[in-house]
Protein chains: 2
Amino acid sequence: MTEHEHTPTPDLVTEHPEQIPGYTYGTDAASDAPLTMEELDRLKEAVWLTADDEQALREAAGILADQADDMVTAYRARLHEQPWLAPYSGHPDGTPNPEYGAASKPRFDRWIIDACTRPLDQDWLNYQYEIGLRHTKAKKNKTDNADSADQIPLRYLLSFTAVVIATARDYLGAKGASAEQVDRMHSAFTKSVMLHVTVWTRAYVDPANW
Amino acid sequence: MTEHEHTPTPDLVTEHPEQIPGYTYGTDAASDAPLTMEELDRLKEAVWLTADDEQALREAAGILADQADDMVTAYRARLHEQPWLAPYSGHPDGTPNPEYGAASKPRFDRWIIDACTRPLDQDWLNYQYEIGLRHTKAKKNKTDNADSADQIPLRYLLSFTAVVIATARDYLGAKGASAEQVDRMHSAFTKSVMLHVTVWTRAYVDPANW
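What you see is a predicted model; the values in this text were computed from it and never measured.

*Asks:* Can you lay out the relation of the copies chain B and chain A for me, pointing to particular residues and giving the numbers?
*Replies:* Each of the two chain copies can be generated from the other by rotation about an axis followed by a shift along it. For the match of chain B to chain A, the screw axis carries a shift of 0.0 Å, the RMSD comes to 0.0 Å, and the turn is 180°. In symmetry terms, the pair is related by a two-fold rotation axis. Across chain B, the smallest distance between a C-alpha and the rotation axis is recorded for Val205 of chain B, namely 2.9 Å. Mapped onto chain A, 100% of the interface residues of chain B again fall at the interface, so both copies present the same surface.

*Asks:* Describe the pattern of salt bridges, with residues and values.
*Replies:* Residue and element names in this part refer to chain B. Scanning all chains against the criterion turns up 32 salt bridges over all chains. A salt bridge links Asp53 to Lys191; its shortest N-O distance comes to 2.8 Å. Of this pair, Asp53 sits in helix α3 (residues 51–64) while Lys191 sits in helix α9 (residues 179–200), and the two are 138 residues apart along the sequence. Here Asp53 matches Lys191 in class, with each residue buried.

*Asks:* Residue-level account of the interface of chain B and chain A, with values.
*Replies:* Contacts between the two partners involve 38 residues from chain B, matched on the other side by 38 residues from chain A. Viewed at the interface, chain A and chain B are joined by four salt bridges. One salt bridge connects Glu45 of chain B with Arg78 of chain A, and the closest N-O pair in it is separated by 2.8 Å. Counting every contact that joins chain B to chain A gives 18 residue pairs in polar contact (both at pLDDT 80 or more). Of all the secondary-structure elements, those providing two or more residues to the side of chain B that touches chain A are α2 (37–47), α8 (154–172) and α9 of chain B. The dominant element in the side of chain B that touches chain A, judged by the number of residues it contributes, is α8 of chain B, at 13 residues. A per-class count over the side of chain B that touches chain A returns 19 nonpolar, 10 polar and nine charged.

*Asks:* With reference to specific residues and values, describe the UniProt feature "domain: Globin-sensor" (unreviewed entry) in chain A.
*Replies:* Here the UniProt feature "domain: Globin-sensor" (unreviewed entry) sits at residues 37–207 of chain A. Helix makes up 68% of residues 37–207 of chain A and strand 0%, and the two end C-alpha atoms of the span are 16 Å apart.

*Asks:* Outline helix α6 (residues 98–117) of chain A, listing residues and values.
*Replies:* Residues and elements named next belong to chain A. Look at α6: 29 Å from first C-alpha to last across 20 residues, which is about the 28 Å you get at 1.5 Å a residue. The principal kink in α6, of about 35°, is found at Lys105, preceding the proline Pro106 by one to four residues. With 14 of its 20 residues buried, α6 lies for the most part within the structure.

*Asks:* Can you break down helix α3 (residues 51–64) of chain A residue by residue, with the values?
*Replies:* Residue and element names in this part refer to chain A. The first and last C-alpha atoms of α3 sit 20 Å apart over 14 residues, in line with the 20 Å expected at 1.5 Å per residue. Among all positions in α3, only Asp53, Ala56, Leu57, Ala60, Ala61, Ile63 and Leu64 are buried. For α3, the buried positions fall inside an angular range of 160° around the axis, keeping them on one side. More than 90 degrees from the buried face of α3, the exposed residues found are Ala51 and Gly62. Taken together, the buried residues of α3 touch α4 (68–80), α6, α8 (154–172) and α9 (179–200).

*Asks:* Outline the packing of aromatic side chains, listing residues and values.
*Replies:* Within the structure shown, the criterion is met by 16 aromatic pairs over all chains. For the ring pair Phe108 of chain B and Trp111 of chain B, a centre distance of 6.3 Å and an interplane angle of 55° mean the geometry is tilted. Here Trp111 of chain B and Phe108 of chain B lie together in helix α6 (residues 98–117), a separation of three residues that amounts to about one turn. On the accessibility criterion, Phe108 of chain B (25% relative accessible area) is partly exposed. An aromatic cluster of three or more residues is present, and its members are Tyr75, Phe108, Trp111, Phe160 and Trp200 of chain A. The residue whose ring lies beneath Arg118 of chain B is Tyr25 of chain B, and the NZ or CZ to ring-centre distance is 3.7 Å.

*Asks:* Describe the environment of Asp109 of chain B, listing the residues and the values that go with them.
*Replies:* All names here are of chain B. Tracing the chain through its elements places Asp109 in helix α6. For Asp109, a relative accessible area of 0% puts it in the buried group. The spatial distance from the C-alpha of Asp109 to the C-alpha of Val72 is 6.2 Å, given a sequence separation of 37 residues. For Asp109, the residues in contact, after removing those within four places along its chain, are Pro8, Val13, Ala68, Asp69 and Val72.

*Asks:* Talk me through the side chain of Lys191 of chain B; I want residue IDs and the actual numbers.
*Replies:* Given a relative accessible area of 8%, Lys191 of chain B falls into the buried group. A polar contact is formed between the side chain of Lys191 of chain B and the backbone oxygen of Trp48 of chain B, at a distance of 2.9 Å. Those residues in contact with Lys191 of chain B that sit more than four places away from it in its chain are Ala162 and Ala166 of chain A together with Val47, Trp48, Leu49 and Asp53 of chain B.

Analysis parameters
Residues numbered from 1 in each chain as written. Chains lettered and ligands numbered in written order. Predicted model: local features only at pLDDT ≥ 70, side-chain atom pairs only at ≥ 80, totals over all residues. Heavy atoms only, no water. Least-squares fit on C-alpha atoms with pLDDT ≥ 70 in both. Contact = heavy atoms within 4.5 Å. Salt bridge = Lys/Arg side-chain N within 4 Å of Asp/Glu carboxyl O. Helix = DSSP H or I, 4+ residues; strand = E, 2+ residues; numbered from the N terminus. Buried < 20%, exposed > 50% of the residue type's maximum accessible area, 1.4 Å probe, protein only. Polar contact = N/O pair within 3.5 Å; in protein donor to acceptor, adjacent residues only side chain to side chain. Nonpolar A, V, L, I, M, F, W, Y, C, P; charged D, E, K, R; others polar. UniProt positions renumbered as here; feature names shortened; annotations may be inferred. Expected span 1.5 Å × (residues − 1). Bend = angle between axes of the 7 residues up to and from the residue. Arc of directions from axis to C-beta. Phe/Tyr/Trp six-rings, centres within 6.5 Å; stacked < 30°, edge-to-face > 60°. Lys NZ or Arg CZ within 6 Å of the ring centre and 35° of its normal.

Laid out in structure tokens, this is it:
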């Protein structure tokens, strides 16, 4: 964790997410996703998220909940090693914007918990679409009134997903689960992450190509 | 493996890929990628592909080479469980097209080996861009003179990546490597797959958003 980032109150992330500023999950403030539940069901099949995976995700949630903030801190530390990415989280000239980082962090933390616990329903679909929009010119910076670059290029969103997936294994194994259980949770987490990121990409792409 | 699919001669995939029909890696027939080596270097950083990962991929190649055809067979078996995907690999009405499947399979098999062995140079960039084009209206069906749907929607390309990543672990562990070594190879393979798929998406997206 850099000196500029402050760990949010754990209760806010795990117990009272509705109090996280800008976290509009399940509310009318989240955008209506231009996707049907049938499309979501097909994407769930495409990532091959099974009932056993959903159970494994619930188990993963218990392991990751108090590590989520550390995970996001680690993601950001890695991102900060890539100076050409600085304008997307900092000011336009790449100088740090600790207020923006602090404001967005509890939502990023909460996403890890949501990815393990939320039912795949219309609220899920709407909020994932909203997250996608917040990476693009449609809504980037607006939630936190920031002045960073107005869109995270799709290629960086996708490529960084590798880090989220690959590094998850150690966190899943940090609380004494068996190797077999870690395998199972890691596989389920991989599928969940790819399902989320796939829906996020909808905001970047001509619907005819998506 | 379905009765319609025929395992290609292993030598063709592992030793003489230049003889695989439509496999234009390193030739002038592969499209010139509209990406610079600097952009590729940044994507490599974004997935966090380290020198140790590159070594792990070389080790993975030895383990996966004679399993690549089985992996692709398993991918396709899973895809065939999703009837709404049939038009992308079969005829437009969803009936099977075994000739198309057989023609494209050695290239898919070879991709797994390439993902573990090819240097990330201009030839790599050009051929990955070419693979992306072959998923879109620009080049879908043309290589094999097929009549399937003219584009694989981006959302299915991305979501199915979860299956490729999640199922890789068992194949990497099938030849007696230690759990620690499987972890290392699986992490590296995850990063390599996401790097490849990220470049493939270039063909789907307005360059201003990619």
